[in-house]
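Single-letter residue listing:
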Amino acid sequence: MAGEYLDHKLECPFCGTIRLQIPADAQPETAIHCAECGKYLGSWDELQTDFELQGGTDGVFRLDKGRIQKLNSSQ
């Protein structure tokens, strides 16, 4: 997956960026919206699970223009 961009639920299907409005006190059921266009993206739990399934808890990432690119995986 090195070099690929994370997407799925993290990337807004309306504006194509990953800019999330996440309240400081977010709970699993908290509704998360795109910070760029305001559209609903899913619950905090759904988005965290999706990030983990894409390997988001392991590796090196680059945030560039509202997108997250996985650069490599740690071994």
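Scroll up to find the structure this text is about.
Remember, predicted model here, so these are calculated numbers, not experimental data.

Participant: What's the story with the sheet that holds strand S1 (residues 20-21) in this structure? I'm lost.
Facilitator: The pairing of strands in a sheet happens through backbone hydrogen bonds and is either parallel or antiparallel. The strand order across the open sheet formed by three strands is S1-S2-S3, and the pairing between neighbours is antiparallel. Looking at strand neighbours, the two that pair on one side only are S1 and strand S3 (40-43), the edges of this open sheet. Where strand S2 (residues 31-34) lies against S3, three bridges are found, and the strand directions are antiparallel. The residue bridging alanine 31 from the neighbouring strand is serine 43, located in S3. Running over the sheet, helix H1 (residues 44-53) touches S1, S2 and S3 and is turned about 85° from S3.

Participant: Help me out: how do you make sense of the packing of aromatic side chains in this one?
Facilitator: Tallied over the full model, the rule gives zero aromatic pairs. Stacked on the ring of phenylalanine 14, the Lys or Arg lysine 39 has its end atom at 5.1 Å from the ring centre.

Conventions we followed
Residues numbered from 1 in each chain as written. Predicted model: local features only at pLDDT ≥ 70, side-chain atom pairs only at ≥ 80, totals over all residues. Heavy atoms only, no water. Pairing = 2+ DSSP bridges. Helix = DSSP H or I, 4+ residues; strand = E, 2+ residues; numbered from the N terminus. Contact = heavy atoms within 4.5 Å. Axes fitted to C-alpha atoms, helices over the stretch in contact; angles between N-to-C directions. Phe/Tyr/Trp six-rings, centres within 6.5 Å; stacked < 30°, edge-to-face > 60°. Lys NZ or Arg CZ within 6 Å of the ring centre and 35° of its normal.

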